[in-house]
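The residues making up each chain are set out below.
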Amino acid sequence: MWLDQPRNAKAPLAGLKVVELARVLAGPWAGQILADLGADVIKVESPEGDGTRQWGPPWVERTGPDGQVRREAAYYHACNRGKRSIVADFKDEADLQRVRALCRDADVVIENFKTGGLAKFDLDYKTLKRSNPRLVYCSITGFGQTGPRSAEAGYDFVIQGMSGFMAITGDPDGVPVKMGISISDLSTGVWAANGIQAALLQRERTGQGQLVDMSLLDCSVALLANQATYYLTTGENPPRMGNAHAQVAPYGVFPVSDGHVILAPANDRLFAKLAKLLGREDLAQDARYSSNGGRVKHTQALDAEIALETAKWSKAGLLEACHAAGVPAGPINNLDEVFADAQVIARGLRVDLGGMPGVRSPFIFSDAELAFDRPSPMLGEND
């Protein structure tokens with residue numbers, strides 16, 4: 001049982017008890033962050049298990065305590081490391097009583113049911129706080145607990161479109177495209193973990209927990225950053241620019257003899273360095289390109305000039321030259337290249353637990369450790 005297996009005492013959240021009533025990605029991602037930080041996260045699953053256990057291929061096979069080989073989707077393992085799993089059928093009163101008992105002394109509950117969906121099981125915040133006033137209860141939904149769409153389910157792809165992400169992503173002459181990851185779900189998980197820890201800090205001052213209301217739409221709109229201020233200060237929609245930048249030039253993907261590289265000389269000094277490196281000091285002296293504002297205005301012509309020069313270089317040769325000159329540049333890596341990168345290896349981003357590879361949460365502390373002691377649990381492993 002989970003109570004008999006303490007986690008790394010040097011982890012920042014060691015001793016924190018989290019009950020996760022969440023499935024798929026946003027809620028489990030928040031739970032995994034807390035688990036990496038040392039919290040005991042008890043994942044409560046239906047008898048069928050989290051749906052992502054079946055989201056394959058690819059598949060992972062493991063041998064359970066009963067000696068049986070079980071096949072689960074790799075997707076599930078991306079967001080459930082470090083947790084324990086119990087099974088509870090919410091149609092069964094005994095199972096519900098068990099879950100309520102877990103929540104009575106929990107520090108945190110994370111749930112991503114539709115708004116109000118847990119009230120009929122007496123697992124909503126209003127009910128649980130009566131017996132546990134210190135509880136930090138994080139609800140993750142598509143649209144939040146208030147507003148005209150609060151009762152609707154939220155899906156990452158739909159939210160990417162609604163939030164403006166897709167309107168600013170993709171080639172200017174192509175169709176809008178989504179991110180290659182479920183950015184709305186993942187960012188909501190990160191925001192949620194942040195909000196939960198802020199509420200825990202406030203609890204230290206007040207002695208009281210609270211509801212943390214997290215919405216996929218809110219979190220996605222909050223990530224618009226400078227693109228939002230572009231619109232809010234001008235009243236105009238920022239253009240879809242592919243790999244270009246609306247406020248900086250040159251800044252994009254350029255051809256080399258054996259592929260492409262990214263060049264990002266984001267100020268006048270760096271642009272002059274790039275021009276010298278390419279043997280084109282005349283570009284830095286050209287009145288059209290001597291300031292960033294001029295370069296942005298004449299981006300198309302400038303990019304064409306730079307592309308003529310970069311095409312004469314190999315990828316390795318140009319990147320090495322840029323590095324030596326202090327010009328920001330980089331490769332466009334496939335994932336095999338990412339995990340073979342010396343910097344990624346040095347930072348220990350890949351972790352292997354129980355034969356299951358994964359990517360650690362990106363925290364490095366001077367006087368604390370992350371808790372990498374458990375792979376993702378099998379369904380009902382800790383019943």
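Above this note sits the structure.
This part takes up the overall build of the protein chain. When you go through the protein chain residue by residue, the secondary structure sums to 15 helices and 13 strands. Taking the principal axes of the C-alpha coordinates as reference, the protein chain spans close to 80 × 50 × 40 Å. Look at the contacts in the protein chain between residues 6 or more apart in sequence, and 68% of them connect residues 24 or more apart. Approximately 19200 Å² of the protein chain is accessible, and the part contributed by carbon and sulfur atoms is 55%.

All right, on to the sheet that holds strand E9 (residues 252-256) then. Spatially, three strands are ordered E9-E10-E11 in an open sheet, and the strand pairing comes out antiparallel. Edge strands, defined here as strands with exactly one partner in the open sheet, are E9 and strand E11 (329-331). Geometrically, the sheet is characterised by an average inter-axis angle of 35° between neighbouring strands, direction not taken into account. For strand E10 (residues 259-263) and E11, the ladder comprises three bridges, and the chain directions are antiparallel. Paired with Ile-262 across the two strands is Gly-330, which belongs to E11. Sheet contacts for helix H13 (residues 315-325): E9, E10 and E11; angle to E10, the most-contacted strand, approximately 15°.

By size, the foremost hydrophobic cluster in this structure holds 29 residues, and its most contacted members are Val-18, Leu-34, Val-108, Ile-110, Ile-140 and Ile-196. Counting 21 residues, the second largest nonpolar core, distinct from the first, contains Val-44, Phe-90, Phe-113 and Leu-123.

What follows deals with the pattern of salt bridges. Tallied over the full model, the rule gives 23 salt bridges. A salt bridge links Lys-83 to Glu-20, with the shortest nitrogen-to-oxygen separation between them at 2.6 Å. With Lys-83 in strand E5 (residues 83-87) and Glu-20 in strand E1 (residues 17-21), this residue pair connects regions lying 63 residues apart in the sequence. Here Lys-83 and Glu-20 have matching classes, each one buried. The closest approach of N and O atoms between Arg-100 and Glu-93, which form a salt bridge, is 2.8 Å. Given a relative accessible area of 12%, Arg-100 falls into the buried group.

Attention shifts here to unusual backbone geometry. Residue Pro-57 is joined to Pro-58 through a cis peptide bond whose omega torsion reads 0°. Relative to the helices and strands, Pro-58 resides in the loop between strand E2 (40-45) and strand E3 (59-63). In this model, Ala-249 is joined to Pro-250 through a cis peptide bond whose omega is -5°. Tracing the backbone shows Pro-250 in the loop between helix H8 (225-234) and E9. A positive phi angle, close to 70°, is found at Val-24, a residue other than glycine. Note on Val-24: relative accessible area 25%, which makes it partly exposed. Non-glycine residue Asp-122 carries a positive phi angle of around 55°.

Moving on: the pairing of E2. Along E2, six of the six residues are buried, which leaves the element largely enclosed by surrounding structure. The side-chain alternation of E2 yields two buried faces, one formed by Asp-40, Ile-42 and Val-44 and the other by Val-41, Lys-43 and Glu-45. Bridging between E1 and E2 involves four bridges; their strand directions are parallel. Pairing of Glu-20 across the sheet is with Lys-43, part of E2. Taken together, E1, helix H1 (residues 26-36) and E2 constitute a β-α-β crossover, and its handedness is right-handed. Relative to E5, E2 runs parallel, the two sharing five bridges. Pairing of Val-41 across the sheet is with Lys-83, part of E5.

Okay, helix H9 (residues 268-277) next. Turn by turn, an α-helix covers 3.6 residues, leaving residues three or four places apart pointing in a common direction. Every buried residue belonging to H9 is among Leu-270, Phe-271, Leu-274, Ala-275 and Leu-277, and all of these are buried. One face of H9 carries all of its buried residues, which in axial projection span an arc of 160°. Away from the buried face of H9 by more than 90 degrees, exposed residues Arg-269 and Lys-276 are located. As for H9, its buried residues are in contact with E10, helix H10 (281-285), helix H11 (292-297), helix H12 (299-310) and H13. The N-cap of H9, judged by a side-chain oxygen 3.1 Å from the amide nitrogen of Arg-269 a few residues on, is Asn-267. Directly beyond the C-terminal end of H9, a positive phi value near 75° is found at Gly-279.

Two aromatic rings, taken as a pair, are described by how far apart their centres are and by the angle between their planes. Going through the model one piece at a time under the given rule, you end up with five aromatic pairs. Ring geometry for Trp-55 versus Tyr-75: centroids 5.0 Å apart, planes at 75°, classification edge-to-face. Here Trp-55, found in the loop between E2 and E3, pairs with Tyr-75, found in helix H2 (residues 74-77); they are 20 residues apart in sequence, far enough to count as distant. Looking at Trp-55, the relative accessible area reads 44%, which means it is partly exposed. The interplanar angle of 50° and the centroid separation of 5.7 Å between the aromatic rings of Tyr-125 and Tyr-137 together place this pair among those described as tilted. In this pair, Tyr-125 is assigned in helix H4 (residues 125-131) and Tyr-137 in strand E7 (residues 136-141), connecting sequence segments twelve residues apart. There is no split in this pair, since Tyr-125 and Tyr-137 are both buried. An aromatic cluster of three or more residues is present, and its members are Phe-90, Phe-113 and Phe-121. One Lys or Arg, Arg-23, reaches over the ring of Phe-113 and ends 4.2 Å from the middle of that ring. The positively charged end of Arg-53 is found above the aromatic ring belonging to Tyr-76, 4.0 Å away from the centroid.

Procedures and definitions
- Residues numbered from 1 in each chain as written.
- Predicted model: local features only at pLDDT ≥ 70, side-chain atom pairs only at ≥ 80, totals over all residues.
- Heavy atoms only, no water.
- Helix = DSSP H or I, 4+ residues; strand = E, 2+ residues; numbered from the N terminus.
- Contact = heavy atoms within 4.5 Å.
- Areas by Shrake-Rupley, 256 points an atom, 1.4 Å probe, with all protein chains shown as cover.
- Pairing = 2+ DSSP bridges.
- Axes fitted to C-alpha atoms, helices over the stretch in contact; angles between N-to-C directions.
- Core = buried A, V, L, I, M, F, W, Y, C linked by side-chain atoms within 4.5 Å.
- Buried < 20%, exposed > 50% of the residue type's maximum accessible area, 1.4 Å probe, protein only.
- Salt bridge = Lys/Arg side-chain N within 4 Å of Asp/Glu carboxyl O.
- Right-handed = clockwise from strand over helix to strand, strands pointing away.
- Arc of directions from axis to C-beta.
- Polar contact = N/O pair within 3.5 Å; in protein donor to acceptor, adjacent residues only side chain to side chain.
- Phe/Tyr/Trp six-rings, centres within 6.5 Å; stacked < 30°, edge-to-face > 60°.
- Lys NZ or Arg CZ within 6 Å of the ring centre and 35° of its normal.

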